[in-house]
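Coordinate inspection notes
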Amino acid sequence: MRRVLVVEDEPAVREAVTEALEIEGYQVMAATDGGTGLEAVRRWPPDVIVLDVMMPFVDGLTLCRRLRERGDRTPVLVLTARDSVGDRVSGLDAGADDYLVKPFDLDELLARLRALLRRAYPDDGGTLGHGPLTVETEGGRARLGERPLELTRTESALLEALVRNAGRVVPRAVLVDHVWGYDFGPGSNSLDVYIGYLRRKLEAGGEARLVHTVRGVGYVLEERGESPGA
């Protein structure tokens, strides 16, 4: 599981980014300024850093320069409200690997982080796994042991969200937002229907149930040894 350090002094932005990353299955540590960010890098070496530019005490560019000066090559994605060419150049010259202007879309932030991680750690292959289950995040292909799973795009997105959070209950609203991007309303059973489709494909060879219902909350993917229909 990849570790992301979020260094951001605006509470709303910091909390939104942290929550989005945790939903995607990252381990996240948050820092409120550049000074605590530098200390966090020392105590909890991250795989990638999301770094605001304008912060008290030690600003983002100074933090980035200090990391590079001591030979730390951890990928850095800079967040800033400034969008001039000169500002982007300053960020890249300080050692940042990518640059995202506020306000930004969380999906774009996640996509840029995935790209940074692929470049920095090319052997990852974009594969998620839990027990006998493997999911390729780029191609949408999945296998359960030696058996390939023929999934639709929606089923693949749903399974990926569950695997990223394996062992943790994923609320219904989070799954709906991740897969469809909008809320169907309280009377919709679309999520339950697709969970049913996914279960039938996962259990087609007589395998034990992996996707479990947590009533009133959502779903969790974990191995319990329950037979289909339990």
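The coordinates are above.
The rules we used
- Residues numbered from 1 in each chain as written.
- Predicted model: local features only at pLDDT ≥ 70, side-chain atom pairs only at ≥ 80, totals over all residues.
- Heavy atoms only, no water.
- Pairing = 2+ DSSP bridges.
- Helix = DSSP H or I, 4+ residues; strand = E, 2+ residues; numbered from the N terminus.
- Axes fitted to C-alpha atoms, helices over the stretch in contact; angles between N-to-C directions.
- Contact = heavy atoms within 4.5 Å.
- Parallel < 35°, antiparallel > 145°, perpendicular 65-115°, else oblique.
- Left-handed = near helix turned anticlockwise from the far one by under 90°.
- Nonpolar A, V, L, I, M, F, W, Y, C, P; charged D, E, K, R; others polar.

The five strands lie next to each other as E2-E1-E3-E4-E5, forming an open sheet whose pairing is parallel. Since the sheet does not close on itself, it has two edges, and those belong to strand E2 (27–31) and strand E5 (98–101), each with one partner. Going across the sheet, the axis of each strand differs from the next one's by a mean of 20°, ignoring polarity. Pairing analysis gives four bridges linking strand E3 (residues 48–52) to strand E4 (residues 76–80), with the strands arranged parallel. Residue pairing across strands places leucine 51 opposite valine 78, the latter belonging to E4. Its contacts with the sheet put helix H1 (residues 11–23) on strand E1 (3–7) and E2, and the angle it makes with E2 is roughly 170°.

What follows is about the sheet that holds strand E10 (residues 170–171). Pairing within the open sheet is antiparallel, and its three strands lie in the order E10-E12-E11. Across the chains shown, the open sheet's two edge strands, defined by having one partner strand only, are E10 and strand E11 (211–214). Direction of pairing for E11 relative to strand E12 (residues 218–221): antiparallel, over a ladder of four bridges. Across the sheet, the residue bridging to valine 214 is glycine 218, located in E12. The strands touched by helix H6 (residues 153–164) within the sheet are E10, E11 and E12, with E12 carrying the most contacts at an inclination of about 70°.

This part is about the packing of helix H2 (residues 34–43) against helix H3 (residues 60–69). At a closest axis distance of 9 Å, the pairing of H2 and H3 adopts a crossing angle of 30°. One element, H2, and the other, H3, form an angle in the roughly parallel class. The handedness of the crossing between H2 and H3 comes out as right-handed. Between H2 and H3, the residues in contact are Gly34, Gly37, Leu38 and Val41 and Leu63, Arg66 and Leu67, respectively. The class makeup of the residues in the contact of H2 with H3 is four nonpolar, two polar and one charged.

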